[in-house]
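Architecture and fold: a report
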Amino acid sequence: MRIALAVLRRDRRSQVATVLVALGVMIAVSLVLWLLAAPNGLQARADRTAWRDVHTNADGRSTISVAMTRDSYRGLVIERWDVARNEPGDVPVAKGITRYPEAGEVLLSPALADLVREAPAENLGNRFPGTVIAELGPEALKYDGELVAIVGNDAVSNGDRTTGLANAHASYTDDYKGLLYLLTRVGLVVLVVPCLVLVASAARLTAAKRERRLAALRLAGASPRQVIVMTAIETAVGAVVGSALGVLLAQPFSHITAKIPWEGGTWYPGDFVPDPAVTITVALLAPVLVVGAAIMGLRRVVKQPLAAEQKRKVRSWRLLMIAGAIGVFFLGITYAQQGGGGDRFTVVLTGLGAVAFALVLAGPVVTAWVGRFFVGRWRRPSTLLAGRRLSGDPVAAFRGSAGVVIAVFTGSMALTMLPGLESTVPGRDTTWKADAIVAEQVGVDVTPLRLVTSAPIVTMLDGGLGNGDPDHYGYNVLVGRCADVARVMDLKCADGPAVYAPGKPRWDHFRASSTDGELRAQLPAQYETRPFTPTGRVEAVIDPELLPAVQGKVSLVGVPTTPENREAVHTAMIRALPGAPLSDEARGLRGDTLTEDLRRATVIGLSIAAVLGGIGAAVAAAGSVIDRRRTFGALIAAGTPIRVLAHALRREVVLPVFAVTIAACAAGIVVGLGLLTLARGLMGGEDLPLTPWVAAPVGVGVLVALVAALACGPVLRGISPRDYAAE
C-alpha cells in the first residue's frame, strides 16, 4: 500500500491517469444514474394520471360513466373527461381532484382555467358548461401546464362504466402502447455500453508502464497478492473520487432533464430522481468494475512476469459471437411478439446488449486484418508504422475505437427505426380542407347547430362499397351533395348526380358506417363517373340522388370556417353535437407531439453516444502515447520526424474505425429492423422504410475518431529523446 501511494504522490503520469480515471467514472456514473432515473420519471407520471384509466378502475360496478375526448384550442391539446352518475353514493377520486363534479359542475386544470378566463366565452368557455368548483392539483396532471377538464353531466351515452376517478394501479408501459417502455430500455442498454467502454479506457491508462513496474516487483520477490493490492489502490483512488462526483453531478443533471418536453410538456423537478438503493448500488459498483478491470489485466504479470511485454493475439472465432448475439436478439423478438407483460422485452434487450459487446470483442480481429493489409501495401512510413501497431497489438489498438463503434451501431439502429416509427404516428386527417371542422359519428339532429351558428353546415353520410358480402365493404365512400361537400373537401363538381372517383368503382353495394343499425343501398346499373383525386381516407363521393334509400341520413357534419370564427364554430359544434368527436387538429397535434418526442430522443441519444465515443477514443489514444513513451522517444532519437509519428497515430485510430464501423453500421441496420418490426407490432403498420441516412453514422464516426486522434498531438509533442534515455 505504501508503494502504491508513493507512486501516486511522485509520478506525474500516474497522477494524470488517476485524474482521467476519476473523470471517466464521474461521467459514466452520472449518465447511468440519469438513464436509470428515466423509468422513475415515467412511473411518476403514470401514478399521477392513473385515475384516467377507467378500464382498470372498473370492478363489476358502474357508479359513474366516463367518456374521454381530445379537443384543441389554438394549437393546444385539451383532454376532456365527461362524467355522469349511474347510481347514488360516494365516488372515490384521486389526489389532486377536490371532489367528484355533479351535473353542472366543472373541474379545470390551472392552465386551462387561465385560458378560459382570458378567452371569450363563445370561443372556449362555453365548451365546459357549468360552474367551475375547483382546479385540478398537480397530483392529477402529467405536467405543469397540461390542459384537462372534468365536466359533470346528467348522462353520458357513449361512456365507459366504472367505479370512480381513482386508481391504485398505474403502469407507464401503456404509454404509446408500450413503445415508450421499449425505447427507454433500448436507450439504457446502448448508452450503458459506451459508458463501460469509457470506464475501461480510463482504467487502462498507463497500463503498459504499470505492468512493467509490477513485473519488476514480482521478479524482485513481491507476491501476487501484493501486486494486486497495489493495482487496486492505484485505481481505486480515482474510481472512488469519480463515483462520488458522479453521484453529486446526477442531482443537477436531473433538474436539467426535467426541462426536456415529452408528450407535450416538461416534468416536475422530482420526477427524474433515481431510487436511493439504485444510487448506492451504482456508486459502489462503478469503482468495483474499474478495479476489477485493472486487476484482470494483471494475469500475465502475476503468472508470467517475464512475458509482460508480449502482445496479446486475437482469434478469428470472435467474429462468430456477432452471429450468435444476433441470433439471441431475434429469438427475443419472436418471444416478445408472442408474449405479454413488461418482461417480454428482457430477451430482446439481452440480445441487444450482446450484439454491442460482440462488436467490441470482434473489433480487434478486424483491426489485425487491417494492420496486415497496410503492412503489405504501405507507401508512406506513417502507414507502415500504423500497420505494424494494428497487426502487432490489435487489442490495444482497437481500444480507442470501441466507443466510436458502439456510437455508429447506435446511430444506424436509431436512423433505421426513426422513419418507420414516424410513419406509424397518427397524422393529420388530410381528407378535409384545412379550414373545415368535421364532426364524426353524429347521432343527433343537427338543428341545434343551425340555431347557434350562421356558418354553412354540410351534412354527409360515410360508408363503404362492396360486393354485397357482409365482410366485404372496404372501399371508403362519402354520400353527399357535391356542391355542399366541396365546401369541406377538395372536389370539382358538375351539374347532375354522379360518382366522383379515380375510376369506375368495381362494386355497387353501399353500407353505412353508422353503428346504430344496418343501412344499405345499391347504386343504379348506369351512372356517370367523374374524376376525383383522393387526398385522405375517402376514396369516392356519391351524390345522394344515386342512393335514394339513404337520403337524409347523416353521420358526418362539416362546417367551413374562417380564422375569425373558427374557435366559435368549434365551441358551437361541441355544445350542439355532444359526444361527436371532431376531426379537428387534436389528432394531428398528438401525432406531431409524438414525432417530435421520437426525434428529440434520437438526437439526445446519438449525441450522448457520440460524445462518449469521442471521449473514450481521445482517452485511449492519449493513453497509447503515454504507454509507448519509450518507443516514441527512441524513434525521435533515431531521427523520425514528429510529423510522421502524428500521421501514424491518426491512422492508428481512423483506419480500424473505418473498417469496423462498416460492420457496426450493418449490425445496426439489422437490429434496427428487428426493433422496428417489434415496435410496428405495438403501434401498427406494415412497411419498413430505409433511407440513405442509415449510413451517415459511418462518416460521423470516422470524423469523431479523427478529432479524438488529435488529442494525441499535445502528448506526442511532450516526448523527447530524453524520455528514452530516462527509461
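Nothing here was measured: the structure is a model prediction, and the numbers come from that model.

What follows deals with the overall build of the protein chain. A count of helices and strands for the protein chain gives 23 helices and 15 strands. Residues counted as buried form 53% of the 727 residues belonging to the protein chain. Considering only residue pairs separated by 6 or more positions, the protein chain has 82% of its internal contacts joining residues 24 or more positions apart. For the protein chain, the accessible surface area stands at approximately 32,600 Å², while carbon and sulfur atoms represent 59% of it.

Looking now at the environment of V282. Relative to the helices and strands, V282 is located in helix 8 (residues 276–296). Taking C-alpha positions, V282 is 8.3 Å from S243, a pair spaced 39 residues apart along the chain. Here V282 is in contact with V29, V32, L33, L36 and S243, once residues within four sequence places are set aside.

Turning our attention to the pairing of strand 4 (residues 131–135). Bridge count for strand 3 (residues 105–108) against strand 4 is four bridges, and the pairing is parallel. The partner of V106 across the bridge, within strand 4, is V132. At this point the chain moves from strand 3, through helix 4 (residues 110–118), to the parallel strand 4, and the crossover so formed is right-handed.

On to the nonpolar core. With 82 residues, the main nonpolar core has L352 and F409 as its most contacted residues. Sort the elements by how many residues they give to this core and helix 20 (residues 642–683) lands first, with 14 residues. Once residues lying within four places of it in the same chain are set aside, the contact partners of L352 are V186, V189, V190, F329, F409, M413 and V671. The next biggest cluster of nonpolar side chains, apart from the first, holds 19 residues, and it includes V54, V91, L141 and I150.

Scanning the entire structure with this criterion turns up four aromatic pairs. Both rings, one in W267 and one in F272, keep their centres 4.9 Å apart while their planes meet at 85°; by these two values the pair is edge-to-face. For the pair W267 and F272, a shared accessibility class is recorded, and that class is buried. Relative to F374, the ring of F373 has its centre 5.3 Å away and its plane inclined at 90°; by these criteria the two rings are edge-to-face. What makes F374 partly exposed here is its relative accessible area of 22%. The side chain of K504 reaches across the aromatic face of Y527, ending 3.9 Å from its centre.

On to a nonpolar patch on the surface, then. Among the surface-exposed residues, L196, L285, V288, L289 and F357 lie close enough to one another that they form a single nonpolar patch of about 440 Å² accessible area. Sort the elements by how many residues they give to the nonpolar patch and helix 8 lands first, with three residues. Overall, L285 belongs to the partly exposed group, its relative accessible area being 45%.

Next up on the list: the packing of helix 7 (residues 224–257) against helix 8. The interhelical angle for the contact between helix 7 and helix 8, taken along N-to-C directions, is 150°, at an axis separation of 8 Å. Taken together, the axes of helix 7 and helix 8 are roughly antiparallel relative to one another. Considering the relative orientation of helix 7 and helix 8, their crossing is right-handed. Of helix 8, the residues touching helix 7 (which contributes I228, T231, A232, T235, A236, A239, V240, S243 and V247) are T279, V282, A283, A286, P287, V290, V291, A294 and I295. Here the contact of helix 7 with helix 8 is built from residues that sort into 14 nonpolar, four polar and no charged.

Glancing now at unusual backbone geometry. Of note, the phi angle at R74 is positive, near 50°, even though the residue is not glycine. When you line up the elements, R74 lands in the loop between strand 1 (64–73) and strand 2 (76–85). Of note, E263 is a non-glycine position whose phi angle comes to about 60°, a positive value. Counting through the fold element by element, E263 comes out in the loop between helix 7 and helix 8. For E263, a relative accessible area of 11% translates into the label buried.

Its location among the elements puts S30 in helix 2 (residues 12–48). Under the relative-accessibility criterion, S30 is labelled buried at 3%. In terms of polar contacts, S30 uses its side chain to reach the backbone carbonyl oxygen of M26, at 3.0 Å. With sequence-adjacent residues up to four places away left out, S30 is seen in contact with G246, L249, A250 and F253.

The rules behind these values
- Residues numbered from 1 in each chain as written.
- Predicted model: local features only at pLDDT ≥ 70, side-chain atom pairs only at ≥ 80, totals over all residues.
- Heavy atoms only, no water.
- Helix = DSSP H or I, 4+ residues; strand = E, 2+ residues; numbered from the N terminus.
- Buried < 20%, exposed > 50% of the residue type's maximum accessible area, 1.4 Å probe, protein only.
- Contact = heavy atoms within 4.5 Å.
- Areas by Shrake-Rupley, 256 points an atom, 1.4 Å probe, with all protein chains shown as cover.
- Pairing = 2+ DSSP bridges.
- Right-handed = clockwise from strand over helix to strand, strands pointing away.
- Core = buried A, V, L, I, M, F, W, Y, C linked by side-chain atoms within 4.5 Å.
- Phe/Tyr/Trp six-rings, centres within 6.5 Å; stacked < 30°, edge-to-face > 60°.
- Lys NZ or Arg CZ within 6 Å of the ring centre and 35° of its normal.
- Patch = residues over 30% accessible without salt bridge, like charges linked within 9 Å, V, L, I, M, F, W, Y side chains within 5 Å.
- Salt bridge = Lys/Arg side-chain N within 4 Å of Asp/Glu carboxyl O.
- Axes fitted to C-alpha atoms, helices over the stretch in contact; angles between N-to-C directions.
- Parallel < 35°, antiparallel > 145°, perpendicular 65-115°, else oblique.
- Left-handed = near helix turned anticlockwise from the far one by under 90°.
- Nonpolar A, V, L, I, M, F, W, Y, C, P; charged D, E, K, R; others polar.
- Polar contact = N/O pair within 3.5 Å; in protein donor to acceptor, adjacent residues only side chain to side chain.

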